[in-house]
Amino acid sequence: MKPEETVDYHFKVCWHAISRMYNAEAVQNDITTSIGFVLLNIDQQHGTPATKIAPLLGLEARSLTRILKSMEEQGLIYKVSDPKDKRLVRIFLTEKGLEKKEVSRLTVKQFNKKVREEIPQEELDKFFNVCGRILGMIENKEIF
């Protein structure tokens, strides 16, 4: 079987192209795609528990720890321990973090706008449905 005949090949190639595109934009704003996605998942008013971010992004906790450390060093976030439960740490955005979050939000919106201009909603709905079904098969351990 040729790689282009496999289902996963198309997901992988497309995601890598999207990731490279986002990274090219992110680097112009002194962040990475990973940092941009983390920024987008932090609640501006209440902060977000660090333990909730990794599952939202499909990341391992270790990877997120490295990203958060880098973000803290860059002055994008700060951490606050929960006064009632010291094990719980909430992540909040600094002013600089809020600025980079807005850049990330606009970048994602531009990508989605352009895709939606070029691909009819009916085709996108089918794509989303297929993705959801494959994800369900994986999560329900129907493949391996």
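Whatever comes next refers back to the structure up there.
A brief structural summary. Fair warning: this is a prediction, and the values are worked out from it, not measured in the lab.

## Re the nonpolar core
Within the largest apolar cluster, 16 residues are counted, with the highest numbers of intra-cluster contacts made by Val38, Met71 and Ile77. Among the elements of the structure, helix H2 (33-40), helix H3 (50-57), helix H4 (61-73) and strand E3 (89-93) are those that each provide at least two residues to this core. Looking at this core, the element that brings in the most residues is H4, giving 4 residues. Once residues lying within four places of it in the same chain are set aside, the contact partners of Ile77 are Ile42, Leu68, Met71, Glu72, Ile91, Phe92, Leu93 and Thr94.

## Details of the pairing of E3
For strand E1 (residues 48-49) and E3, the ladder comprises 2 bridges, and the chain directions are antiparallel. Looking across to E3, one finds that Pro49 is bridged to Arg90. By the bridge criterion, 5 bridges tie strand E2 (residues 77-81) to E3 in an arrangement that is antiparallel. Looking at the pairing, Lys79 lines up with Ile91 of E3.

## What about the pattern of salt bridges?
Per the counting criterion, the structure on display carries 7 salt bridges. The partner of Glu72 in a salt bridge is Lys79, and the shortest N-O contact between them spans 3.5 Å. The class for Glu72 is partly exposed, based on a relative accessible area of 36%. With relative accessibility at 40%, the residue Lys79 sits in the partly exposed group. Note that Arg87 and Asp85 form a salt bridge whose closest N and O atoms lie 3.1 Å from each other.

## What about the packing of aromatic side chains?
Applying the stated criterion across every chain yields a total of 5 aromatic pairs. Among the aromatic residues, those joined into a ring-pair cluster are Trp15, Tyr22, Phe37 and Phe111.

## Quick look at the side chain of Thr33
With respect to the helices and strands, the residue Thr33 is situated in helix H2. In this structure the side chain of Thr33 is engaged in a polar contact, spanning 2.8 Å, whose partner is the side chain of Asn23.

## Looking at a nonpolar patch on the surface
A surface patch of nonpolar side chains, amounting to about 390 Å² of accessible area, comprises Val7, Phe11, Phe127 and Phe128. Looking at the nonpolar patch, the elements with two or more residues in it are helix H1 (7-27) and helix H6 (121-139). As for its placement among the helices and strands, Phe11 is situated in helix H1.

## Some remarks on the environment of Leu93
Here Leu93 lies in strand E3. Residues Leu93 and Met71 lie 22 residues apart in sequence; the distance between their C-alpha atoms is 9.7 Å. With sequence-adjacent residues up to four places away left out, Leu93 is seen in contact with Leu39, Ile42, Gln44, Leu76, Ile77, Tyr78, Leu98 and Lys101.

## Things to note about the sheet that holds E3
Overall, antiparallel pairing links the 3 strands, which are arranged E1-E3-E2 in an open sheet. Of all strands in the sheet, those bounded by a partner on one side alone are E1 and E2.

The rules we used
- Residues numbered from 1 in each chain as written.
- Predicted model: local features only at pLDDT ≥ 70, side-chain atom pairs only at ≥ 80, totals over all residues.
- Heavy atoms only, no water.
- Core = buried A, V, L, I, M, F, W, Y, C linked by side-chain atoms within 4.5 Å.
- Buried < 20%, exposed > 50% of the residue type's maximum accessible area, 1.4 Å probe, protein only.
- Helix = DSSP H or I, 4+ residues; strand = E, 2+ residues; numbered from the N terminus.
- Contact = heavy atoms within 4.5 Å.
- Pairing = 2+ DSSP bridges.
- Salt bridge = Lys/Arg side-chain N within 4 Å of Asp/Glu carboxyl O.
- Phe/Tyr/Trp six-rings, centres within 6.5 Å; stacked < 30°, edge-to-face > 60°.
- Polar contact = N/O pair within 3.5 Å; in protein donor to acceptor, adjacent residues only side chain to side chain.
- Patch = residues over 30% accessible without salt bridge, like charges linked within 9 Å, V, L, I, M, F, W, Y side chains within 5 Å.
- Areas by Shrake-Rupley, 256 points an atom, 1.4 Å probe, with all protein chains shown as cover.

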